[in-house]
Amino acid sequence: MQVILLAAGQSTRLDPIKDKNLLEFCGKTLIEHRVAALKKAKMRDIVVVGGAHNLDNLKKILKKYKNVYVVEQKELKDGMAGGVLAGGEVVKHKNIMIVSTNDVFDYELFEKAVQESKKTEAGLVVGKRVSTYFPGGYLSIDKKGFITDIVEKPKEGKEPSNLVNMVLHIYNDFPAFLDYLSKATGKADDRYERALCKYIKKGKAKMGTIKYHGFWQPIKYPWHILKVMEYFLEKDEHRIHKTAKISKSAKIKGNVFVGANAKVFDNAVIHGPAYIGEGCIVANNALVRSSMLGKNCVVGFATEVARSYLNHSVWMHTNYIGDSVVDSNVSFGAGTVLGNLRFDEEDIQVRIKGKKVSSYMNKLGAIIGSGVRFGINASTNPGVKIGQNVFVGANVLLDEDIANNRMVLLQQKWKTVVNKKNANVKKR
């Protein structure tokens, strides 16, 4: 069985965070985690579909894997349909698995899907059983467990089942499906789903389904990075590299990874699950809990980092970083705080493509792009997004999103104060 792994998405909803495929979790990019999981499930031939924006990076990262081929989806506006068609030009087998790096789930599902697909004539679609509404496609199935329809984004309460369509599809006769896909018309964002629906309804063979109960998180919005971080932290093994230097008065509790040449100074506390990358410094009296730090980060004196994702080279000193996503090459001036809780403790909304979207989280800090600099005593309100290469001046309170390449300064008004003896003051 060959695999088409879709990785050409431009991650526009993730802005200001860059390509989700290149985000690192526990020392590996997301695309590496997906390829490694497929290899572990004995998927030999993998065709990775990228775009012009990430093709070179994908090739560089994946060149160490055997039988992994990277191809380009030239028309990114064609969405998932375009990605599958691009992969379809390369694959040679009839049995094809289609997977997206956007969906993170237990690797054991790959093996189970392959085994279950052998019991069906046409193949299968994996459905995630949900207990709350999810804005995606829902599977409609008959009494025998065969799929009869896929309903895209039904209104809440109108779902045909509690099974959400996951992007893990297996076709036992891929050329037959490809014929439907190549003829599909309409909007690019659901062209693949409409082709699949037509294939299910008009095809001679029936598509089965797997009802999946395990972890599943599609990375669609920035706060989903925190959910995926939690997943990988729980999976990662406790290990302190032999070159790491840990002070005798430092405390490391729970499942914690400390990378090569990292340093943990006096009275610092790391409360797992946590990942401290290569070359990081956790300074005196600092606290890191339930967080992930990339390479060469500095958690300075008296700083707290809680439930946050920090990419490479993030520098802090006397700060609070809570429930936040911070890209690479960011520095925080002393006293800067990222607020993560509303006064009314309601769920925090984030502006995505001009519209407010609920995070369904009552604690969410800032989402910060690469190359940002904060002055001293700056602060952000919950859910604020800060673009790439932004300068935030001292004492600034950010209560709205800031686009890329901006400078935000506090305007101060000055007046001269002259001390004079008041002759009219009566003596007592």
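This structure is a prediction, so every number in the text was calculated from the model and none was measured. (Residues numbered from 1 in each chain as written. Predicted model: local features only at pLDDT ≥ 70, side-chain atom pairs only at ≥ 80, totals over all residues. Heavy atoms only, no water.)

J.: Please set out the nonpolar core residue by residue, giving values where relevant.
T.: Formed by 39 residues in total, the largest nonpolar core has its most connected members in Phe-332, Ile-368 and Phe-374. Those elements that provide at least two residues to this core are strand 17 (256–258), strand 20 (274–276) and strand 27 (314–316). Discounting chain neighbours no more than four positions away, the residues touching Phe-374 are Val-330, Ser-331, Phe-332, Gly-333, Thr-336, Ile-368, Thr-380, Ile-386 and Val-392. (Core = buried A, V, L, I, M, F, W, Y, C linked by side-chain atoms within 4.5 Å. Buried < 20%, exposed > 50% of the residue type's maximum accessible area, 1.4 Å probe, protein only. Helix = DSSP H or I, 4+ residues; strand = E, 2+ residues; numbered from the N terminus. Contact = heavy atoms within 4.5 Å.)

J.: Outline the sheet that holds strand 23 (residues 292–293), listing residues and values.
T.: Spatially, the eight strands line up as an open sheet ordered 14-17-20-23-26-29-34-37, and their pairing is parallel. Each edge of the open sheet is held by one strand with a lone partner, namely strand 14 (239–240) and strand 37 (385–386). Where strand 29 (residues 325–326) and strand 34 (residues 367–368) come together, two bridges link them in parallel fashion. Among the inter-strand pairings, Val-325 is bridged to a residue of strand 34, identified as Ile-367. (Pairing = 2+ DSSP bridges.)

J.: Any details on unusual backbone geometry? Residues and values, ideally.
T.: Geometrically, the link from Asp-15 to Pro-16 is a cis peptide bond, its omega value of 15° lying close to zero. Of note, Pro-16 is situated in the loop between strand 1 (2–6) and strand 2 (24–25). Residue Pro-273 is reached from Gly-272 by a cis peptide bond, and omega for that bond is 5°. Position of Pro-273 among the secondary structure elements: in the loop between strand 19 (269–271) and strand 20. Its identity is not glycine, yet Thr-318 carries a phi of approximately 55°, on the positive side. The topology assignment puts Thr-318 in the loop between strand 27 and strand 28 (320–322). Take Thr-318: its relative accessible area is 32%, and that puts it in the partly exposed class.

J.: Tell me what's going on with the sheet that holds strand 39 (residues 397–398), and back it up with residues and numbers.
T.: Pairing is parallel in the open sheet, where eight strands are placed in the order 16-19-22-25-28-31-36-39. The strands lining the two open edges of the sheet, one partner per strand, are strand 16 (251–253) and strand 39. Pairing geometry for strand 36 (residues 379–380) and strand 39, over two bridges, is parallel. Bridged to Ser-379 within strand 39 is Leu-397.

J.: Account for the packing of aromatic side chains, with residues named and values stated.
T.: For the coordinates displayed, the defined rule picks out 17 aromatic pairs. When the ring of Phe-25 is compared with that of Tyr-309, the centres are 5.4 Å apart and the planes differ by 50°; the resulting orientation is tilted. Here the residue Phe-25 occupies a position in strand 2, and Tyr-309 occupies one in strand 26 (residues 309–310), the gap between them amounting to 284 residues. By relative accessible area, Phe-25 is classed as buried at 0%. With a centroid separation of 4.9 Å and 15° between ring planes, the pair formed by Phe-332 and Phe-374 is classed as stacked. With Phe-332 in the loop between strand 30 (330–331) and strand 31 (337–338) and Phe-374 in strand 35 (residues 373–374), this pair connects stretches of sequence that are 42 residues apart. This pair shows no difference in class: Phe-332 is buried, exactly as Phe-374 is. In textbook terms, an aromatic cluster arises when at least three aromatic residues are bridged by ring pairs, as seen for Tyr-171, Phe-174, Phe-177, Tyr-180, Tyr-192 and Tyr-199. For Arg-34, the ring lying beneath its charged end belongs to Phe-105, and the centroid distance is 5.0 Å. (Phe/Tyr/Trp six-rings, centres within 6.5 Å; stacked < 30°, edge-to-face > 60°. Lys NZ or Arg CZ within 6 Å of the ring centre and 35° of its normal.)

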